[in-house]
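# Architecture at a glance
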Amino acid sequence: MTVSQTPFTATVLGLPRVGPRRELKRATESYWAGRIDAVALHRVAADLREAQYAELTAAGLDSIPVGTFSYYDQVLDTAVLLGALPERVAGIADPLDRYFAAARGNDSVEPLEMTKWFDTNYHYLVPEIGPDTVFSLHPEKLLDELAEARGFGVPARPVVVGPITFLKLAKATEGAALDRLGELVPLYRELLRKLAAAGAEWVQIDEPSLVTDLTDDEIALVRSTYTELTAGEDRPAVLVATYFGDPGPALAALAGTDVEGIALDFTAPIELSAVASLPALAGKLLVAGVVDGRNVWRANLDDALTTLGTLLGSAGGVAVSSSCSLLHVPYSLEPETGLDARLRAWLAFGAEKVAEVRVLATGLHQGTEAIADELAAARAAATSRTEDPRLADAQVRARLAALGPDAARRAPADERRAVQQARLNLPPLPTTTIGSYPQTSAIRLARAALRKGEIDEAEYTARMRSEIADVVALQEKLGLDVLVHGEPERNDMVQYFAEQLDGFAATENGWVQSYGTRCVRPPILFGDVARRAPMTVDWITYAQSLTDKPVKGMLTGPVTILAWSFVRDDQPLGESARQVALAIRDETVDLQSAGIRIIQVDEPALRELLPLRAADQPAYLDWSVESFRLATSGVSDATQIHTHLCYSEFGEVIDAIAGLDADVTSIEAARSHMEVLDDLNAAGFDLGVGPGVYDIHSPRVPSVEEITVSLRAALKAVPAERLWVNPDCGLKTRGQAEVEASLANLVEAARAARP
Ligand code: GLN
Ligand code: ZN
């Protein structure tokens, strides 16, 4: 190594930033509401960073990531770093307001698009690269945070999103974004010079895109880019971080350059022998992600030490790390006093993962005697976990094993259509909604009051029923054909079910950033899933008792329940999906017995769990589709099954959508101008479909004319007998008045369009 650097031994790849008590969320929202000024917001952020650095230093990390803090999103920060904000926000003079305008829009500008960060539940903002984008370097945020951390005496390692990943994630309005790589490399080179001058010994460049399928040309770009970036000595040592998978051929390309360090994710399926036998690693620091940064299980220290030991002989040095940024897990187990003690001992959140990293580094470099107590504790936890009866519910397993190959099959779709139509007698172009109605303050107050014990279960039920009655009455008044109960009793479409199913646990404070200031609290799936009792039947039958029109039963599908939970790591995800599917199947049968004629099983996350590499996708699509079919095939032909999909580019899963075999699929389509219908047709889809005729993400009320235009476009692709009319998604984030006005227009447009 030519660049002067001391290898480090224990680190993590990135840090959460919303604050252990979501302090940054609150402060940011206060800033948006005009209650605090920028100085106060910066103060909250600086205090959070200071406390975090102190904790990490005390925990014994000898290299600490700096610059993964963000007011909204790290990809947006990179766009700022590279001068790549869109032209439409350029006129906003205040940098913070310009930044937030790009993130969330304002009265006059549209925000950047948002999409999922690889296969996680974190959303990043999609940079827009146009012909008029002129890249330029703006490293102030990173340099300031570096100076701040060094001021605290922190062994700071600045982190940036790398040029290849940045461009792969960006959207080019012309040509391919990656064609612009040549313009970025000199800027990163300049950045490295500045960071060295500011005292950084190491810099981490995140390139998670290297774990996706890359063309040979792209792999050549990996080689040339990092060869150029590491030319010369006026720079810090460069650590290129990959995570969420195996970089495969990109690893050899990267190892062939002069980068001083490479981070690999050993919690993902990765060929250890291929890594260990790579001669080019000999002179480099291998940062081994053996502590899972995106799930909540306590590490198996013995296994991790074996992996680390294997690597030790192959690399110039080995540092222990989390597999990815700790952004994806809650801060600490400490506040989780409500978890049962056994389960708690199986878990590691952010703070506990940092401790694991330290313990493993000590074990690796000083021998296992130095960590004897920690090893014993980890082994005891592992034993307690494998021996726990909740991990294997004999009844559930026997039921699944007994299901024959036809258990997940219904009669042919046209036979079902005939009996369903005879029973439901719906007009052509039937109108419906996706499920939720506005979450009013009365609903939120009732939930809070129940939690605080101010009202009892009976009073809560009464209040929810009154909400349901209002929603049913409104739909009757509007003249919708298929009604819903409005979902007032659901805090969240996954947590609501997780709370009622065996095998799931909920946390009190396990918040994880989903995007910007939005945080979610994913349930933890730790054991076999079983349904103790009906979960939704009382609410839906109450709603149905108020009207003669059909009310849809409303359930969340197995894939979505798993996608938005922390899942078991001791069995294949497909197996967990079958268990959840069985529970949902039981619920559909109970709903049917209670007289419910239509049941919707939402799978908005179907696309999200799609594996990053094409070779892994067919297996996923197989089990995800099978689990949906298992969940929805226990009912009779006369019961109409609906599903709902959103948030996506459906291209890659279009065949799977047909495979779900739902009688009716409602699907996000307004923003893509119904293009999804042509894709469905091309895939041979011939079931009922309700392409969203207006975008519910905006408060704007769509006019009758506008909805009519959408309907005409839909009718070009789908015959009237199969077409349903509905909004793009649930209405829970919308206001009461806009919902009423929008749906009135929707009903009017549908009626006029009927043949
Ligand atoms: N039924 C849910 C709702 O209407 C669906 C939400 C979703 O698609 N994410 O809110
Ligand atoms: Zn939706």
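Residues numbered from 1 in each chain as written. Chains lettered and ligands numbered in written order. Predicted model: local features only at pLDDT ≥ 70, side-chain atom pairs only at ≥ 80, totals over all residues. Heavy atoms only, no water.

To continue, consider the pattern of salt bridges. Applying the stated criterion to the full structure yields 42 salt bridges. Here Glu-128 ties to Arg-88 by a salt bridge, and the two come within 2.9 Å at their closest N and O atoms. A residue pair is termed long-range when its members are at least 10 positions apart, and Glu-128 in strand 4 (residues 128-129) and Arg-88 in the loop between helix 3 (74-81) and helix 4 (95-104) qualify at 40 residues. A salt bridge links Glu-145 to Lys-141; the nearest nitrogen and oxygen atoms lie 3.1 Å apart. Separated by 4 residues within a single helix, Glu-145 and Lys-141 lie in helix 5 (residues 140-151), roughly one turn from each other. Residue classification places Glu-145 among the buried positions, given a relative accessible area of 5%. On the basis of relative accessibility, which here comes to 28%, the residue Lys-141 falls in the partly exposed class. Each of the salt bridges in this network shares a partner with another, and the network as a whole consists of Arg-385, Arg-397, Asp-528, Arg-568, Asp-569 and Asp-570. (Salt bridge = Lys/Arg side-chain N within 4 Å of Asp/Glu carboxyl O. Helix = DSSP H or I, 4+ residues; strand = E, 2+ residues; numbered from the N terminus. Buried < 20%, exposed > 50% of the residue type's maximum accessible area, 1.4 Å probe, protein only.)

As summarised here, the arrangement of the 7 strands in space is 1-5-7-8-9-10-11, forming an open sheet in which the pairing is parallel. Since the sheet does not close on itself, it has two edges, and those belong to strand 1 (64-66) and strand 11 (317-322), each with one partner. Each adjacent strand pair in this sheet contributes to an overall mean axis angle of 30°, direction not counted. Helix 13 (residues 350-366) contacts strand 10 (285-291) and strand 11 of the sheet and is inclined by roughly 160° relative to strand 11. (Pairing = 2+ DSSP bridges. Axes fitted to C-alpha atoms, helices over the stretch in contact; angles between N-to-C directions. Contact = heavy atoms within 4.5 Å.)

The UniProt record annotates "domain: Cobalamin-independent methionine synthase MetE N-terminal" (unreviewed entry) at residues 10-312. Strand forms 14% of residues 10-312 and helix 41%; the C-alpha atoms that close the span are 14 Å apart. (UniProt positions renumbered as here; feature names shortened; annotations may be inferred.)

Attention shifts here to the environment of Arg-568. Within the element layout of this structure, Arg-568 appears in the loop between helix 21 (558-563) and helix 22 (573-593). Along the chain, Arg-568 and Gly-527 lie 41 residues apart, while their C-alpha atoms are 7.4 Å from each other. Beyond its immediate stretch of four places on either side in the chain, Arg-568 contacts Trp-297, Leu-391, Arg-397, Leu-525, Phe-526, Gly-527, Asp-528, Ser-576 and Gln-579. Polar side-chain contacts of Arg-568 include one of 2.7 Å to the side chain of Asp-528. (Polar contact = N/O pair within 3.5 Å; in protein donor to acceptor, adjacent residues only side chain to side chain.)

Another point: the pairing of strand 18 (residues 640-645). The side chains of a regular strand alternate, first on one face of the sheet and then on the other. Here strand 18 lies mainly inside the structure; 6 of its 6 residues are buried. Across the two faces of strand 18 the burial is the same, with Gln-640, His-642 and His-644 and Ile-641, Thr-643 and Leu-645 all buried. Note that strand 17 (residues 598-602) and strand 18 share 5 bridges and pair parallel. Along strand 18, the bridge assignment pairs Asp-602 with His-644. In the classification by handedness, the crossover that spans strand 17, the intervening helix 23 (residues 617-632) and the parallel strand 18 is right-handed. The pairing of strand 18 with strand 19 (residues 664-667) spans 4 bridges and is parallel. Bridge pairing links His-642 to Val-664 in strand 19. (Right-handed = clockwise from strand over helix to strand, strands pointing away.)

Another point: the site of ligand 1. The environment of ligand 1 is made up of 13 residues, and the closest members are Ser-436, Glu-487, Asp-602, His-644 and Gly-730. Ser-436 places a polar side-chain atom, nitrogen or oxygen, 2.7 Å from an oxygen atom of ligand 1. Within the contact set of ligand 1, a nitrogen atom lies 2.6 Å away from a side-chain nitrogen or oxygen of Asp-602. Summarising the interface, the protein chains cover 97% of the accessible area of ligand 1, which totals 300 Å² for the free molecule. (Near = heavy atom within 4 Å. Areas by Shrake-Rupley, 256 points an atom, 1.4 Å probe, with all protein chains shown as cover.)

The next subject is the packing of helix 5 against helix 7 (residues 181-197). The interhelical angle for the contact between helix 5 and helix 7, taken along N-to-C directions, is 20°, at an axis separation of 11 Å. In this view, helix 5 runs roughly parallel relative to helix 7, as classed from their interaxial angle. In the crossing of helix 5 with helix 7, the sense of the turn from one axis to the other is right-handed. Note on element contacts: helix 7 touches helix 5 through Leu-191, Lys-194 and Leu-195, opposite Leu-142, Leu-143 and Leu-146. (Parallel < 35°, antiparallel > 145°, perpendicular 65-115°, else oblique. Left-handed = near helix turned anticlockwise from the far one by under 90°.)

Glancing now at the coordination of the zinc ion (ligand 2). At 2.0 to 2.3 Å from the zinc ion (ligand 2) lie its protein donor atoms, namely His-644 (NE2), Cys-646 (SG) and Cys-729 (SG). Considering all 4 donor atoms around the zinc ion (ligand 2), the spread of angles at the metal, 93 to 125°, places the coordination shape in the tetrahedral class. Positions of the donor residues of the zinc ion (ligand 2), expressed as sequence spacing, correspond to H-x1-C-x82-C. Residue His-644 is located in strand 18, and its partner Cys-729 is located in the loop between helix 26 (704-717) and helix 27 (736-753); the two are separated by 85 residues in the primary sequence. Take His-644 and Cys-729: they sit in the same class, and that class is buried. (Donors = N, O, S within 2.8 Å, 3.2 Å for Na, K, Ca; no water. Tetrahedral: all angles 85-135°; square planar, octahedral: opposite > 155°, others 65-115°.)

This part is about the state of the cysteines. A complete count under the given rule lists 0 disulfides for this structure. Lacking any disulfide linkage, Cys-324 is separated from the closest cysteine sulfur, that of Cys-519, by 17 Å. Given the relative accessible area of 0%, Cys-324 is considered buried. (Disulfide = S-S within 2.5 Å.)

This part is about the packing of aromatic side chains. Counted according to the given criterion, the structure contains 14 aromatic pairs. Ring centres of Phe-69 and Tyr-71 lie 5.0 Å apart, and the angle between their planes is 90°; on these two criteria the pair is classed as edge-to-face. Residues Trp-117 and Phe-118 carry aromatic rings whose centres are separated by 4.9 Å and whose planes lie at 80° to one another, so their mutual orientation is edge-to-face. The exposure classification of Trp-117 matches that of Phe-118, with both residues buried. Among the aromatic residues, ring-to-ring pairing joins Tyr-31, Trp-32, Tyr-72, Tyr-99 and Phe-100 into one connected group. Against the face of Phe-69 rests Arg-49, its NZ or CZ located 4.6 Å from the ring centre. (Phe/Tyr/Trp six-rings, centres within 6.5 Å; stacked < 30°, edge-to-face > 60°. Lys NZ or Arg CZ within 6 Å of the ring centre and 35° of its normal.)

This part takes up helix 7. For helix 7, built from 17 residues, the straight-helix expectation of 24 Å at 1.5 Å per residue is met to within 8% by its first-to-last C-alpha distance of 25 Å. Among all positions of helix 7, only Leu-181, Leu-184, Val-185, Leu-187, Tyr-188, Arg-189, Leu-191, Leu-192 and Leu-195 are buried. At the exit of helix 7 stands Gly-199, carrying a positive phi of roughly 100°. (Expected span 1.5 Å × (residues − 1).)

Ordered by their spatial adjacency, 5 strands build an open sheet running 16-17-18-19-20, and the pairing between neighbours is parallel. Each edge of the open sheet is held by one strand with a lone partner, namely strand 16 (552-556) and strand 20 (688-691). Pairwise comparison of adjacent strand axes, ignoring direction, gives a mean angle of 20° for this sheet.

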